[in-house]
Amino acid sequence: MSWIEKAENFITSVENSRLPYIYFLTTFFFAILLRNFFDSICDTTLSLPTKFSINFHRVDPVDLTGNTFWYISLALMILIALHLLTRENIVKVSKLVLPGFLILLVVPLVDLLLSNGKGFNQSYWIPGYHDYLSKSWLHYSGPLWQLVGLILRWLTGGGPYGEISGGATPGMRTEVALVLIGIGIYVYVKRRSVPKAILSAFIIYSIIFWWGALPTYGGKLFADLLGIKVEVAPFAGTPMPITILRFLLIPTTIVGALTLYFYNKTYFKELIKDLRPFRTAHYALMLVLGIAIATNLWRRSIPLTEKNIFILIYTPLAFLFAGIFSIITNNLSDYEIDRIDHPNRPHVTGIIEEKHYKVLAGLSFVLAILYSAVLDFVVLYLTILFIANYFIYSVPPLRLKRIPFFSKFFLALNALLLVILGYYLVTGETDLPWQVALFIIISFTACINFIDIKNHSGDERAGIKTLPVLLGLKKSKILIGAFFLVSYTTLGILIRNLLIPSILFGVLIFLLINKKKYNEKLVFAAYLLSLLLLIVYLFNSPSIIPTFHS
């Protein structure tokens, strides 16, 4: 049997393994954990450069988390690249790639051996230090030549290593060489083409190299483009670990979404379809409303600090994933109702397997917590509250949506949480004026009942006592329409110059709700338009309710 046949048999046996997939994932994470542990011994930025020393107590937890996400993103990019290069199923590819990350241990072990136990200085590619190829070869320096120096390092396999500046250590070069040999063999087995195998190895090498440069070079460029001053460490202007972690999550999000797409395009499309754009827009505008209220009352804008830039990017993502988790758990609880009122939803049609649907829910929950946790405790706290309210409202054992009218308090509270968050982004405080909070809670608790109109048949069969079930469609539509009319009129009284437009929108929504052929989308559209116009007015008007300052 030739070596190529042996390689093919090994690859096939791993790809077709019946081991639970969690084993492959766990091996991957444990390989990262071990690499981080051994780095604490051989990386001279952590350990003593003069003797063997175990200093993992000096590891920064944030830095450790950032390293972990760097490896996760790298693994996802390699998976996508190999999937596209070989046309092999991405799950099969991952069964080789994920446990293959144990090769990470080559770096510290080789470095310790070659340095007689002293270790080498490992680091990301750092502007000002790792661009000296352009200085020494081309006699230039500056931002453009930093990039030129980086390109030279890419084309020369990492360039020279420096004891102070660090760079690609002997262990790193050995690790990458072994990875590229493995990639070349894998692609050759799949495509039986030497040029494709060589090209694939070069592509993977380029991914590894440029991904190593992204946290510092990319993070600095990102900050420069936005015109913000990032927190920096004393060493060569390197962004602090928390900055690197926050920045890394941007490409990780993109690569993660692409991985899901290539894993199962149907799942990806069904999740997007089930996002319920009107409800998503409602919560997004609640966040903007909070910003508008703070801007109007205090004549401030959001200070574009490094932290706030990331908050503006990740807060919507945190609540998006919180929303996906809430939608999936609600769908699973509403299966019998949705069979009647929403037969095209993925859990009813079976397009997404229930076990996979639950995995997606769990993943969304973790991502919601992650994106908020890297930002700020207040954002994290409000995100958890948002998830908790919706869970209590829609999921057993409580499933409070069965309580007529008053259960909508929890949905109103979620709207208020988003307003508070927007207010916090501008002021740094969460003390939203009590008049605003009270109006939102009362008006939304009443008006949100309109979402039960289209679910009347399913709720009735499931025994859920909504207003349409208790009063009948005709009477409930009149009552819910009246809730809108009263709420809009009250808003017009509270905010100067808005009485007439508020009444007009209240009347419009009343008529839309009571149309013989009810269309929830039209009600949502009218409501969202009115909310958008209110936000624009708040941004462009002087303080509208001066008593709020008292």
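Residues numbered from 1 in each chain as written. Predicted model: local features only at pLDDT ≥ 70, side-chain atom pairs only at ≥ 80, totals over all residues. Heavy atoms only, no water.

Draft legend 1. Region of the structure containing the environment of W70. Structurally, W70 is set in helix α3 (residues 61-86). The class for W70 is buried, based on a relative accessible area of 12%. For W70 and L248, which are 178 residues apart along the polypeptide, the C-alpha to C-alpha distance reads 6.9 Å. (Helix = DSSP H or I, 4+ residues; strand = E, 2+ residues; numbered from the N terminus. Buried < 20%, exposed > 50% of the residue type's maximum accessible area, 1.4 Å probe, protein only.)

Draft legend 2. Expanded view of the packing of α3 against helix α4 (residues 90-100). Running from amino to carboxyl end, α3 crosses α4 at an angle of 130°, the nearest separation of the two axes being 9 Å. Judged on the interaxial angle alone, α4 and α3 are oblique. In the crossing of α3 with α4, the sense of the turn from one axis to the other is right-handed. Seen from α3, the contacting residues are A75, I78, L79, I80, L82 and H83; seen from α4, they are I90, V93, S94, V97 and L98. Here the residues of the contact of α3 with α4 sort into nine nonpolar, two polar and no charged. (Axes fitted to C-alpha atoms, helices over the stretch in contact; angles between N-to-C directions. Parallel < 35°, antiparallel > 145°, perpendicular 65-115°, else oblique. Left-handed = near helix turned anticlockwise from the far one by under 90°. Contact = heavy atoms within 4.5 Å. Nonpolar A, V, L, I, M, F, W, Y, C, P; charged D, E, K, R; others polar.)

Draft legend 3. Layout of the pattern of salt bridges. Applying the stated criterion across every chain yields a total of 14 salt bridges. D274 serves as the salt-bridge partner of R276, at 3.7 Å between the closest nitrogen and oxygen. For the pair shown, R276 and D274 are each scored as buried. A salt bridge links R345 to D274; its shortest N-O distance comes to 3.9 Å. Within this pair, whereas R345 is found in the loop between α14 (335-341) and α15 (346-349), its partner D274 is found in the loop between α11 (265-273) and α12 (277-298), the two being separated by 71 residues in sequence. Taking the relative accessible area as the measure of exposure, D274 reaches 10% and is therefore buried. Via salt bridges that share partners, D274, R276, D338 and R345 belong to a single interconnected network. (Salt bridge = Lys/Arg side-chain N within 4 Å of Asp/Glu carboxyl O.)

Draft legend 4. Focus on the nonpolar core. Formed by 140 residues in total, the largest nonpolar core has its most connected members in F101 and F450. At 14 residues, helix α18 (residues 409-427) tops the list of elements feeding residues into this core. Sequence-distant contacts of F101, defined by excluding residues within four places in its chain, comprise F28, A31, Y71, L74, A75 and I78. (Core = buried A, V, L, I, M, F, W, Y, C linked by side-chain atoms within 4.5 Å.)

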